[in-house]
Structure formats: structure tokens, C-alpha cells
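Single-letter residue listing:
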Amino acid sequence: MERASLQWLLSLTSLLCCTTNQASLSVSPSSSQLFEGQFVSLSCEEDDSSAGRTLRRNTTRETRTECGGKWGKSTGSMCNLSHIVPMDSGVYWCQSREGATSNSINITVTGGSVILQSPVLPVMEGDDVTLHCKTKTSNLPADFYKDGSLIRTEPAGHMTIHHVSMSDEGLYKCHSSSHGESPPSWITVTGEELTFDFTTYFIHMSI
């Protein structure tokens, strides 16, 4: 009994010592591809507080630069870009004063006429995902490709992948015969998150 309780306490301590309040980065509009000239807002979100966190990015011309310097307007935990251009394409993340980082988001800004509207964050395995081939004003009849191979043609301009699995992870793009091709975007699929029931575990270890 005492040995079981000690094992439980050690396991609980191990789990709690590694628990942190990690910020997450979100973007609005929520799309990995955006048109030149759009307004974009990025936000560091956290369970308790995002005070002290800054938005940073890597682009082809800049490394680890902070919002409010050469790009964007910083307002608390948010960063707004009023008129994005292709040079704003890159990887964005939140960073604390201590150097802890959030998830990263890869944004592609195009001066072209077609984008593939796809999830900017990883997709949970088992969920449904819809991709849109879009101009600035509407969806387009389009061919959808994954890793360079044609998946299907959709007259309505959007394609839904039902119950996504790890095999659906890959590089996607769309092509319209009338407007051209979108840039490619990587879609990440993640497994189901595990949850831990401390009450059940304690009862089990006490038996």
C-alpha cells in the first residue's frame, strides 16, 4: 500500500513538474495563404496571461525580428499588419522574455490571383477538413493536388477531406484553368491528445 502510494506520488510529481502555461499563436483571417493587400491580425493566447510575450518572425530577408519594429503594429499581445506584401511571407511565433516559444505559423502572401485556403494550424486526426480555391471575390472551379498528384476536380471550388488521417498530411495546391495556380501549403495532421484522469489513477494505485 505504502509502496503503491509512493509510486503514485512520484508519477504525479513528474507530470506536474513538466506542466507549463504555453502560449499559442492564432491568426485572422485563419488561412495559411493570403492575398497581397489584406489586413492580418496575429495574437498570442494563453490560459492565464500573455503579458511579456512578443510576436517574432523569420522571412527571407529578416531573422527573429519583433513586431512593432520594421513590420506590424504591436498592441499588447496582438500584432496587426494593415497591408501585407509577399515579403511578409514567413514563419511567425510568440516568444516570452525567458525565450519560451509558442507554436509557429507559416504564412504565404501572394501577389497572384489564386490562393488555397487551408488550415493554418495542425488538423486533428479524425476531423473533416475543407480546402477552398479562391480569388479575392469568389471560389473557383479547380483541380486539387497533393504532393504534385491530382486528387480530384471540384466544380464548386472546394474539397472536403473526411476523417483525416496521417496519410493525408502533405503539400497541397489548387489550379484554375481561368486564373492560374495557388502557392503550395503544407497541411499537418496530429494525433488525438491524451488526457489523464488523476482520480482514477489514484484509486487504482491505492487498491
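The shown structure was predicted, so the numbers you read here are calculated from the model rather than taken from an experiment.

(A) The pattern of salt bridges, seen in detail. Scanning the entire structure with this criterion turns up six salt bridges. A salt bridge links Glu154 to Arg152, with the shortest nitrogen-to-oxygen separation between them at 3.6 Å. The partner of Lys173 in a salt bridge is Glu181, and the shortest N-O contact between them spans 3.3 Å. Overlapping salt bridges, with partners in common, bring together Arg57, Glu62 and Asp88 in one network.

(B) Looking closely at the environment of Ala142. For Ala142, the position within the fold is in strand S13 (residues 142-146). With a relative accessible area of 3%, Ala142 lands in the buried category. Distance from Ala142 to His179, taken between C-alpha atoms, is 9.6 Å for residues 37 residues apart in sequence. Apart from the residues lying within four places of it in its own chain, the contact partners of Ala142 are Cys133, Arg152, Thr153, Glu154, Cys174 and His175.

(C) Seen up close, the sheet that holds strand S2 (residues 33-35). The strand order across the open sheet built from five strands is S2-S9-S8-S4-S5, with neighbouring strands paired in mixed fashion. This sheet does not close on itself; its edge strands, each paired only once, are S2 and strand S5 (65-66). Relative to strand S9 (residues 101-110), strand S8 (residues 90-95) is paired through five bridges, and the arrangement is antiparallel. Note that in S9 the partner of Gln95 across the bridge is Thr101.

(D) Molecular detail of unusual backbone geometry. With omega at 0°, the peptide bond leading from Ser28 into Pro29 counts as cis. As for its position among the elements, Pro29 is in the loop between strand S1 (24-28) and S2. We note that Asp147 has phi near 50°; this positive angle belongs to a residue other than glycine. Although it is not a glycine, His163 adopts a positive phi angle of roughly 50°. As for its placement among the helices and strands, His163 is situated in the loop between strand S15 (158-161) and strand S16 (170-176). Take His163: its relative accessible area is 59%, and that puts it in the exposed class.

(E) Region of the structure containing the pairing of strand S14 (residues 149-154). With five bridges connecting them, S13 and S14 associate as antiparallel partners. Within S14, the residue paired with Asp143 across the bridge is Thr153. Counted between consecutive antiparallel strands, the loop separating S13 from S14 contains two residues, among which Asp147 sits at a positive phi close to 50°.

(F) How the structure looks around the side chain of Ser41. If you trace the backbone, Ser41 turns up in strand S3 (residues 40-45). On the basis of relative accessibility, which here comes to 11%, the residue Ser41 falls in the buried class. A distance of 2.9 Å separates a polar atom in the side chain of Ser41 from a polar atom in the side chain of Asn80. Setting aside chain neighbours within four positions, we find Ser41 in contact with Ser26, Val27, Ser28, Met78, Cys79 and Asn80.

The rules behind each value
- Residues numbered from 1 in each chain as written.
- Predicted model: local features only at pLDDT ≥ 70, side-chain atom pairs only at ≥ 80, totals over all residues.
- Heavy atoms only, no water.
- Salt bridge = Lys/Arg side-chain N within 4 Å of Asp/Glu carboxyl O.
- Helix = DSSP H or I, 4+ residues; strand = E, 2+ residues; numbered from the N terminus.
- Buried < 20%, exposed > 50% of the residue type's maximum accessible area, 1.4 Å probe, protein only.
- Contact = heavy atoms within 4.5 Å.
- Pairing = 2+ DSSP bridges.
- Polar contact = N/O pair within 3.5 Å; in protein donor to acceptor, adjacent residues only side chain to side chain.

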